[in-house]
Amino acid sequence: MQTYDFIIVGSGSAGSVVAGRLSASGRFSVLVLEAGGTDQRFYVQMPLGYGKTFFDPAVNWNYKAEPDPGLGGNADHWPRGKLLGGSSSINAMVFIRGAREDFDAWASAGNPGWSYDDLLPAFKALEDNEAGADQWRGTGGPLHVTDCSRAVHPLTKRYLAAGEQAGLPFNPDFNGASQEGVGVYQITTKNGRRMSAARAFLRPAMKRGNVRVETKALATRILFEGKRAVGVEYEQNGEKKTARAGREVILSGGSINSPQLLQLSGVGPAALLGDLGISVVHANGNVGANLQDHVGINYTFKGKLPTLNQTLRPWWGKLLVGMQYILTRSGPLSLSMNNAGGFFRTDPSMTRPNMQLYFQAFSTVIPKSGERPILTPDPWPGFSIGLSNCRPSSRGEVMIRSNNPRDYPRITANAYSTNADVDEMLAAVKFVRKIAAMPAMAEIIEEEVLPGPSIRSDADLIQDFRKRSGTVYHPVSTCRMGPDAARAVVDPRLRVHGLEGLRVIDASIFPDNITGNTNAASILTGWRGADLVLEDHK
Ligand SMILES: Cc1cc2nc3c(=O)[nH]c(=O)nc-3n(C[C@H](O)[C@H](O)[C@H](O)COP(=O)(O)OP(=O)(O)OC[C@H]3O[C@@H](n4cnc5c(N)ncnc54)[C@H](O)[C@@H]3O)c2cc1C
C-alpha cells in the first residue's frame, strides 16, 4: 500500500485548487482520486459544448432528485461533473463571487477568517481578470476570467436597456462594488477554451511531479484507526485498492458525494447508518442535511429580430460558427449561453438582491432527448429571460440508500417548500414580465411563448413555475461549516468535527448558499482550505 502525505478525493473546482496549492508548496506528496476520466474532450474544452455534456454519462454523474411536490412532482435532473475539473468542466462558466454580505454572514456565524474582507485577497489572487485589476479584481492569477462585453449577441443591448427602463442600474462588474443591476456576465474561459479548475490549477500541478492523479478511481470508504482517518479505499478498473495518508484525507467530492462518502464510512446520522448495516465511527446528523440549492425558470419569447437560433440551427449556420470557432476561437461557440444577467430585489424594502437574472439570446423550448439542445435551438427567433432565487429558505438532504458506494444517494430537494420562497418567486416572475414590457424589449417581441399570455393569475403563475422550475445546479451546505458540532459537520478550519486527519473542502461546507453562481466560491473554498492545511502542517 502506497503512503502519501495527503489524499484528495475529487478533482473538481475545490479539489483541483487544493491539489495545486499543496503541490506548489513543494513540501508534500499528494494523491488525487478522481472517479471520472480526462477532461481532454472537444465538448468539454469548447465552451458551448456543455449542451452535450449535460447528460453525457462519460463525464457526468447524471443524478436524479426524488420526485418533488414543490416542483409539481417532477424528479429533477441533477448534473454533476465526473471528470478532471469536476463540475467546473461541464458548467455554464458564469463567474460570480457572491455578495459581501454572504461571506460576512458566514464569518459572523462563528467562522473566523471567512468574511469578505478576509477573503478578498484570495479572490483577487486566484483570478486573471481580462477586464483588469482594481480595488476588487485581480490579474496574474491562475484562473483566467474573460470579459465578454464586446462579444455578446446584439440583442443583449435590448435586454440591458429594458432592465434599466424597469428601474435597475447598469452594473459594469457584478464582482465589484455592488451586485445589483443588469450587466454582461464574465466567464471562465481563455482564448476560446473553457477555463476549468483543472486547467487553471490541477494540470500545472501534474507537471510538478509531487502530485499523482488516479482517474476512474472511485473512493468507496475512508479508512479509520479509531477516530483518525488514515487512508482511502477505492475501486479502479474493477480492482479494490487502498492508499494511506500520512497527514490527512481531504474530501473534495462536492455537495452530493462528500456527504455520501462520509456516510458510507460511518460518519453521519446514526439511525440511518445502523439501518443500513454500517458501523458508526462518528455520529453526526448534519452529514447530508441542510441541503440548499437555487431553483430557476425561463420566460421565453418569440422575437421579431433574428436571434442565435437562426445562427445555430441551420446546417450552414453550424458550419459557419464551427469554422469561426476552429479558425479564430471566437463566436457563439466560445461563449456561455448566458450572455448577460443581473441581480434585483423583489421587495424594495430589502437591503440587497434576492434574485438573479439570465439573458439568453436563443431558446430551447422544443426538447431533444438525451441532450440539452443548446446546439440545436428552436426554429423560430426565440430568446429567454431566466431567473433563479439567491437565498431560498427551503432545505433538503442527501442520504445514502444502501451501503453500496455505487448506489446513488437519495437527493431530496424540497424546492419551494416555504411560503417565503413561493412568494418571492411569484414577485420575481412578475418582474421578468415587467422587463419584457419595457419599450426596448416590447418593440421586438412577437409573443410570449412560455408560459404564454393565458397564464396571468397568481395561482396560474405559481402552478407554472412549480411545474417548469428546476435546479440551477448550485447545491451546497450538506457538510456545512460551523463552530458547533451540533449544527455543523466541519469546523471553521474545515476539519470534520469529532475526528482527526479528515477535512472537507468543497461547496458542501458553505454554511449557507451565496447570492449567485457557486463555482467561484467553490474555487475560493479550495484556495482558503489549502491555506488552512498548509498552516496546520508547517
Ligand atoms: C450544468 C452545471 C452548470 C453550472 N453552471 C455554473 C455557472 O455558470 N457558474 C458557476 O459559478 N457555477 C456553475 N455551476 C456550479 C459549479 O460548477 C459548482 O458549484 C462547483 O463546480 C462545485 O465544486 P465542488 O468542488 O464542490 O464539486 P465538483 O466540481 O463537482 O467536484 C467534485 C469532484 O469529485 C469527484 N468525485 C466525487 N465523488 C468521488 C469519489 N467517491 N471518488 C472519486 N472522485 C469523486 C467528482 O467526479 C468531481 O470531479 C454549474 C454546475 C453544473 C453541474
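Note that the structure is a prediction, hence the values are computed from the model and not measured.

## Some words on the overall build of the protein chain
When you go through the protein chain residue by residue, the secondary structure sums to 15 helices and 24 strands. Its C-alpha atoms give the protein chain a radius of gyration of 22 Å, within 12% of the compact-globule value 24 Å for 538 residues. Taken across its 538 residues, the protein chain has 62% of its residues classed as buried. Total accessible area on the protein chain is roughly 19500 Å²; 51% of this is exposed by carbon and sulfur atoms. Seen as two clouds, the 58 positive and the 51 negative side-chain charges of the protein chain have centres 5 Å apart.

## Some points on unusual backbone geometry
Backbone torsion omega between L450 and P451 reads 5°, so that peptide bond is classified as cis. The backbone of N191 shows a phi angle near 50°, a positive value even though the residue is not glycine. The phi dihedral of R329 falls on the positive side, at around 55°, and the residue is not glycine. Among the structural elements, R329 can be located in the loop between helix 11 (315-328) and strand 17 (340-344).

## Description of the pattern of salt bridges
Once the charged atoms of two side chains with opposite charge are near each other, the side chains can pair. Scanning the entire structure with this criterion turns up 28 salt bridges. Close ionic contact of E214 with R212 constitutes a salt bridge, the shortest N to O distance being 2.7 Å. Between E225 and R244 there is a salt bridge; the shortest N-O distance is 3.2 Å. One end of the pair, E225, is in strand 11 (residues 217-225); the other, R244, is in strand 13 (residues 239-251), and 19 residues separate them in sequence. With relative accessibility at 32%, the residue R244 sits in the partly exposed group. The structure contains a network of salt bridges with shared partners spanning E248, R493, R503, E535 and D536.

## Digging into the pairing of strand 17
Burial analysis of strand 17 places five of its five residues in the buried class, the great majority of the element. Of the two faces of strand 17, the one lined by A340, G342 and F344 and the one lined by G341 and F343 are each fully buried. Taken together, the four bridges between strand 7 (residues 181-184) and strand 17 define a ladder with antiparallel strand orientation. Paired with V184 across the bridge in strand 17 is A340.

## Some remarks on the packing of aromatic side chains
The way to describe two aromatic rings as a pair is by their centre distance and the angle between their planes. Applying the stated rule across the entire model yields 22 aromatic pairs. An angle of 75° between the planes, with centres 6.4 Å apart, marks the rings of F201 and W527 as edge-to-face. Here the residue F201 occupies a position in helix 7 (residues 197-206), and W527 occupies one in helix 15 (residues 519-536), the gap between them amounting to 326 residues. The same class applies to F201 and to W527, which are both buried. Aromatic rings pair up to connect F103, W106, W114, Y116, F123 and F510 into one cluster. The lysine or arginine in question, R468, covers the ring of Y299, its NZ or CZ lying 5.8 Å from the ring centre. Positioned above the aromatic ring of W114 is the side chain of R528, whose terminal nitrogen or guanidinium carbon lies 5.2 Å from the ring centre.

## So, the site of the ligand
Taken together, 38 residues lie near the ligand, and S13, E34, S87, T518 and N519 sit nearest. Residue A219 places a main-chain N or O atom 2.9 Å away from a nitrogen atom belonging to the ligand. In the model, an oxygen atom of the ligand is placed 3.0 Å from a nitrogen or oxygen of the A507 main chain. For the ligand, the protein covers 98% of the area, taking 1000 Å² as the surface of the free molecule. Of all the secondary structure elements, the ones that give two or more residues to the shell around the ligand are helix 1 (13-24), strand 11, helix 8 (254-264) and helix 15. Among the residues forming the shell around the ligand, the class breakdown is 16 nonpolar, 18 polar and four charged.

## Brief notes about the domain arrangement of the protein chain
Structurally, the protein chain comprises domain 1 (1-144 + 194-291 + 397-407 + 476-537) and domain 2 (149-184 + 293-394 + 416-468). The straight-line distance from the C-alpha centre of domain 1 to that of domain 2 is 29 Å. Opposite the 35 residues of domain 1 that make contact, domain 2 presents 33 residues. Where domain 1 abuts domain 2, roughly 2900 Å² becomes buried across the two surfaces, and 57% of that area is made up of carbon and sulfur atoms. The interface formed by domain 1 and domain 2 contains two salt bridges.

Cut-offs and rules
Residues numbered from 1 in each chain as written. Predicted model: local features only at pLDDT ≥ 70, side-chain atom pairs only at ≥ 80, totals over all residues. Heavy atoms only, no water. Helix = DSSP H or I, 4+ residues; strand = E, 2+ residues; numbered from the N terminus. Rg over C-alpha atoms; globule rule 2.2 N^0.38 Å. Buried < 20%, exposed > 50% of the residue type's maximum accessible area, 1.4 Å probe, protein only. Areas by Shrake-Rupley, 256 points an atom, 1.4 Å probe, with all protein chains shown as cover. Lys, Arg positive; Asp, Glu negative; His and termini not counted. Charge placed at Lys NZ, Arg CZ, Asp CG, Glu CD. Salt bridge = Lys/Arg side-chain N within 4 Å of Asp/Glu carboxyl O. Pairing = 2+ DSSP bridges. Phe/Tyr/Trp six-rings, centres within 6.5 Å; stacked < 30°, edge-to-face > 60°. Lys NZ or Arg CZ within 6 Å of the ring centre and 35° of its normal. Near = heavy atom within 4 Å. Polar contact = N/O pair within 3.5 Å; in protein donor to acceptor, adjacent residues only side chain to side chain. Nonpolar A, V, L, I, M, F, W, Y, C, P; charged D, E, K, R; others polar. Domains from an automatic or database assignment. Contact = heavy atoms within 4.5 Å. Buried area = accessible area lost by both parts, 1.4 Å probe.

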